[in-house]
Amino acid sequence: MGTWRHPFQAGALAPTPCLAVGAAPLRLDEGDRALIRSLRPETRAAWTVTLGSAAVSVIAYCELWNVWIAVGLVSLKKANELGHRARTPKLRIESGPTLFLPFVGAVQRLGEQPRRELDAALLGLAGPICSVLFASLCRLGHVLTDDPVLRFLATAHAVLAVIDLLPFGRLDGQRVIGALSQRDRIVCTLLSTALALAFQSLLLLPICAALLWTALQPAAQRSQPWAAGGLLGVIVLALVVV
């Protein structure tokens, strides 16, 4: 007859397979990581800021327009900021939540500024490009449905995309035009003026004047054809939409 041991006596219990498996490292896929990030307090706070400020903006715009136009204007601002947010991972820059400001725009805080002038210009262009593409979709919708709300949103998005290219304050044009050489600025000024005359558009007068003013200021030494081409591309597409 064997010796009986108390169940809690040392050596009475042998390691079980489940305990050995439990020691293995836990593996999470991308969906699990996204879920964990969404449960963090800072993530919930960011969504609260974004959705709360968006709701306030919609309510403010409803004082002047109907709810569809109000939602469309907020969507424009979100499209602009999504363009920037899509660019920040490539630059390894963290961005904060989007804060909507009624009748002003939308802002999001960057963890740091791009180090290269071309990166700064492309980051600045990402917003107006998304805005003018959103305007193009609204214009296409108006052509297909003859909806006046879509026509209004298309014009508003296109105009605001061009205004956003002005090199003043916190507008995206500050990054774009700031990266252009003096030669780039002169070329953009001449082509913008030619487009304004060809389309007989008063919309381009502010951007033409701003480009002419910056052409007389100290500029970067290295030419940035991608940035200059992007700026002119946004202008041309905005003119077509309007």
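Colleague: Tell me about the pairing of strand β1 (residues 95-101), and name the residues and values.
Modeller: Put simply, side chains in a regular strand alternate between the two faces of the sheet. Where β1 and strand β2 (residues 105-110) come together, five bridges link them in antiparallel fashion. Bridge pairing links leucine 101 to glycine 105 in β2. Linking two consecutive strands that pair antiparallel, namely β1 and β2, is a turn of three residues; a positive phi of about 65° is found at phenylalanine 103 within it.

Colleague: Tell me about the nonpolar core, and name the residues and values.
Modeller: Formed by 45 residues in total, the largest nonpolar core has its most connected members in Leu165, Cys188, Leu204, Ile207, Leu231 and Ile235. The greatest single-element share of this core, amounting to nine residues, is contributed by helix α10 (residues 225-241). The residues touching leucine 204, leaving out its near neighbours within four places in the chain, are Val162, Ser192, Leu195, Ala196, Ile235 and Leu239.

Colleague: An account of the environment of valine 56 is requested, with residue identities and associated values reported.
Modeller: The residue valine 56 is located in helix α3 (residues 41-61) in this model. Expressed as a C-alpha distance, the spacing of valine 56 and proline 102, which sit 46 residues apart in the sequence, is 7.5 Å.

Colleague: Can you lay out unusual backbone geometry for me, pointing to particular residues and giving the numbers?
Modeller: Positive phi is not limited to glycine here, since aspartate 146 has a value of about 60°. Structurally, the position occupied by aspartate 146 is in the loop between α5 (117-145) and α6 (148-163). Classification of aspartate 146 by relative accessible area gives exposed; the value is 58%. At glutamine 200, a residue that is not glycine, the phi angle is positive and equals roughly 50°. Relative to the elements of secondary structure, glutamine 200 occurs in the loop between α8 (182-199) and α9 (205-215). Judged by its relative accessible area of 73%, glutamine 200 is exposed.

Definitions and limits used
The numbers attached to residues start from 1 for each chain and follow its sequence in the written order. The predicted origin of the model limits local features to residues at a pLDDT of at least 70 and limits the giving and counting of side-chain atom pairs to 80 or more, whereas totals for whole chains, interfaces and linings rest on all residues. Based on all heavy atoms of the structure, the side-chain values leave hydrogens and waters out of the count. Two strands are said to pair when DSSP picks up at least two bridges between them. Here a helix means four or more residues in a row that DSSP labels H or I, a strand means two or more in a row labelled E, and each is numbered from the N terminus. What we call a nonpolar core is a set of buried Ala, Val, Leu, Ile, Met, Phe, Trp, Tyr and Cys residues that are connected through their side-chain atoms within 4.5 Å. Exposure is judged per residue with a 1.4 Å probe applied to protein chains only, and the accessible area is read against the type maximum: over 50% gives exposed, under 20% gives buried, and values in between give partly exposed. Throughout, a residue-residue contact means that at least one pair of heavy atoms, one from each residue, lies within 4.5 Å.

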